[in-house]
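# A look at the structure
The primary structure of each chain is shown beneath.
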Amino acid sequence: MANGETAEVKSKNILDLFVEGARRGFTIGTTSLMPNVVMAFVIIRILDVTGLLKLIGNVFAPVMALWGLPGEAAMVIIASIMSMGGAVGMAVSLYNADSLTAAQVTMLIPAIYLMGNPVQNVGRCLGIAGVNSKHYFAIIGICVVNALLSIWAMRFILLFL
Amino acid sequence: MKEKEKKSIKVGWQGYLALFAAIILFSGIFSANEGWLKVFDFNTLNGAFGKIQSGAQALDFRGAGGSGARDGFLFSIELIPAIILALGIVNVVDGLGGLRAAQKLMTPILRPLLGIPGICMLATIANMQSTDAAAGMVKELVDEKEITDEERSVNIAYQTSASAFITNYFSSGSAVFSFMLVPIIVPIIVMVIFKIIGANLMRLYLKTVYKNHSQEGTNNG
């Protein structure tokens, strides 16, 4: 299968390859990222107008302080459980609202993908591969652990860059 | 089985060149360069939107002080060029064999680090760009009895966390490329390291916690 793929790909030139990828980028951007970002901005708007954002910030402040992040950062982590695009949108929206700094957003980026929306992944990754369902909890737990540890790792890296 | 492995990952010199070019491009090494070398930088190629003078400030088309769905819409329009560019580049790199080259270079390191047979490597390449395709390949390997149920679980623990990280990171992640404080490539390295850590946590779990239950049968998959 793989060899057939390679042969097919080799017949395309670089420009064709670029345009093909670019087209996929446009499709992902408009059909996946845009709705997710709009959703994230609307959620932040609702939370902001109702004053819940401040509340969430205060409630999660002691927990998020472990990672050197403000309480609002919890929104990004919660969003990443459901949607990676939504979580990035959330992070940028909070950055725009001055709730997160550029450094704090940077720290959160790998975590968003390492968490990797387990809501969808149970069907898409675990289900398709036919993983023993007894291991689901462990595998999702690993995603959460990876995500939380990576924030510390990024914080450490930022000390040197 | 070994012959199969060798057959499955074949990389030409273009592959290594493409990988090298991609690493340069996304590492931002030349971002501060004033001369022509600047061309080898993703953010240089991505360029900038024109500015609109408004009073003392120069704003881009999104303006300032927006909120809600409208602001989110305009913001996502700001992001889309970076996604188009990034996925265009990734497709060229992949088409020239760059991702295979990356995997080939990493295989000798990954195999002992993950504790899974080399035959899984094609699935781990697929996992860079697609969650479903890679998971499907793992299932096939189990069905063909090339790997065991436990090896599947370890491989999937690696795959699930940050699945399709190249596609996902270069699409939604592009949103922060312009103000992120580390080179574009750094989060990728961090993700791969934690994917490996995750797989090893799974190995540990299978060896310790799950071992006690192993009599209950491991063939439920």
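Since we're looking at a predicted model, the values are computed, not measured. (Residues numbered from 1 in each chain as written. Chains lettered and ligands numbered in written order. Predicted model: local features only at pLDDT ≥ 70, side-chain atom pairs only at ≥ 80, totals over all residues. Heavy atoms only, no water.)

## Things to note about the overall build of chain A
Put simply, the rule reads: The way it works is that DSSP assigns letters per residue, a run of H or I at least four long becomes a helix, a run of E at least two long becomes a strand, and they are numbered from the N terminus. Contact between two residues is taken to exist if any of their heavy atoms lie within 4.5 Å; hydrogens are not considered. For the area figures, the Shrake-Rupley method with a 1.4 Å probe applies, and any residue is considered shielded solely by the protein chains shown.
In terms of helices and strands, chain A carries eight helices and zero strands. Along chain A, helices (α) and strands (β) appear in the sequence α-α-α-α-α-α-α-α when read from the amino end. Dimensions along the principal axes, computed over C-alpha positions, put chain A at roughly 55 × 40 × 35 Å. Within chain A, residue pairs in contact and separated by at least 24 positions form 65% of the contacts whose partners lie at least 6 positions apart. With the model as given, the accessible surface of chain A reaches about 7300 Å², and the carbon-plus-sulfur share is 69%.

## Quick notes on the overall build of chain B
For clarity, the cut-off: Each residue gets one of three labels from its accessible area relative to the maximum for its type: buried under 20%, exposed over 50%, partly exposed in between, using a 1.4 Å probe on protein chains only. As used throughout, the charge tally considers Lys and Arg to be positive and Asp and Glu to be negative, leaving His and the chain termini uncounted. For the purpose of locating charges, the reference atoms are NZ of Lys, CZ of Arg, CG of Asp and CD of Glu.
Across its full length, chain B holds 11 helices and two strands. Each helix and strand of chain B, placed in order from N terminus to C terminus, yields the pattern α-α-α-β-β-α-α-α-α-α-α-α-α. If you line up chain B on its principal axes, its C-alpha atoms span 75 × 45 × 25 Å. For chain B, the proportion of its 221 residues judged to be buried stands at 52%. The contacts in chain B between residues at least 6 apart in sequence include a share of 65% that link residues at least 24 apart. Carbon and sulfur atoms make up 62% of the accessible area of chain B, which amounts to about 10200 Å² in all. Computing the positive centroid from 19 side-chain charges and the negative centroid from 17, chain B places the two 5 Å apart.

## Re the interface of chain B and chain A
Note the threshold: Accessible-area loss on putting two parts together, using a 1.4 Å probe and summing over both, is the definition of buried area adopted here. By convention in these notes, a salt bridge is any Lys or Arg side-chain nitrogen within 4 Å of a carboxyl oxygen on Asp or Glu. We call two N or O atoms a polar contact when they sit within 3.5 Å, provided that within protein one can donate a hydrogen and the other can accept it, with sequence-adjacent residues counted only if both atoms are side-chain atoms. Think of it as three bins: nonpolar holds Ala, Val, Leu, Ile, Met, Phe, Trp, Tyr, Cys and Pro, charged holds Asp, Glu, Lys and Arg, and polar takes everything else, Gly as well.
Opposite the 73 residues of chain B that make contact, chain A presents 62 residues. Here chain B packs against chain A, burying approximately 5800 Å² in sum over the two surfaces, 73% of which is carbon and sulfur. Here chain B is connected to chain A by zero salt bridges. Remark: the boundary between chain B and chain A carries 12 residue pairs in polar contact (both at pLDDT 80 or more). Looking at the side of chain B that touches chain A, the elements with two or more residues in it are helix H4 (68-95), helix H6 (121-129), helix H7 (131-143), helix H8 (149-160), helix H9 (165-171), helix H10 (174-177) and helix H11 (185-207) of chain B. The element that contributes the greatest number of residues to the side of chain B that touches chain A is H4(B), accounting for 19 residues. For the side of chain B that touches chain A, the per-class residue count stands at 38 nonpolar, 25 polar and 10 charged.

## Some thoughts on the environment of Thr44(B)
Residues and elements named next belong to chain B. Structurally, the position occupied by threonine 44 is in helix H3 (residues 42-46). Through-space distance from the C-alpha of threonine 44 to that of glycine 28 is 9.3 Å; in sequence the pair is 16 residues apart. Here aspartate 41 takes part through its side chain, which lies 3.1 Å from a polar atom of the side chain of threonine 44.

## Topic: the UniProt feature "transmembrane region" (unreviewed entry) in chain B
Residues and elements named next belong to chain B. Cut-off, in case you're wondering: UniProt positions are given in the numbering used here, feature names are shortened, and annotations may be inferred rather than shown by experiment.
The UniProt record marks residues 12-32, 73-97, 109-128 and 175-197 with the feature "transmembrane region" (unreviewed entry), using the residue numbering of this structure. Segment residues 12-32 splits into 71% helix and 0% strand. End C-alpha atoms: 32 Å apart. End C-alpha to end C-alpha, residues 109-128 measures 17 Å, and it is 70% helix and 0% strand.

## Regarding the confidence of the model for chain A
The predicted coordinates of low-pLDDT regions are not to be read in fine detail. Put simply, the rule reads: Note on scores: pLDDT gives the predictor's confidence for each residue, bounded by 0 and 100.
Of the residues in chain A, 93% have a pLDDT of 70 or more, and the chain-wide mean is 87. Mean pLDDT values over the elements of chain A span from 47, in helix H1 (residues 2-10) of chain A, up to 95, in helix H6 (residues 102-115) of chain A.

## Overview of the UniProt feature "transmembrane region" (unreviewed entry) in chain A
All names here are of chain A. Mapped onto this structure's residue numbering, the UniProt feature "transmembrane region" (unreviewed entry) falls at residues 33-53, 73-92, 99-116 and 136-158. Along residues 33-53, the helical share is 95% and the strand share 0%, with 23 Å between the first and last C-alpha atoms. Structurally, residues 136-158 comprises 100% helix and 0% strand, and the distance from its first C-alpha atom to its last is 33 Å.

## Overview of the UniProt feature "domain: Nucleoside transporter/FeoB GTPase Gate" (unreviewed entry) in chain B
UniProt records the feature "domain: Nucleoside transporter/FeoB GTPase Gate" (unreviewed entry) for residues 78-198 of chain B in the present numbering. Measuring from the first to the last C-alpha atom of residues 78-198 of chain B gives 34 Å, for a span that is 78% helix and 0% strand.

## Side note on the side chain of Asn146(A)
Topologically, Asn146(A) is positioned in helix H8 (residues 136-160). A polar side-chain atom of Asn146(A) sits 3.0 Å from the main-chain carbonyl oxygen of Phe194(B). Setting aside anything within four residues of it in sequence, one finds Asn146(A) in contact with Leu114(A), Ser161(B), Phe194(B), Lys195(B), Ile197(B) and Gly198(B).

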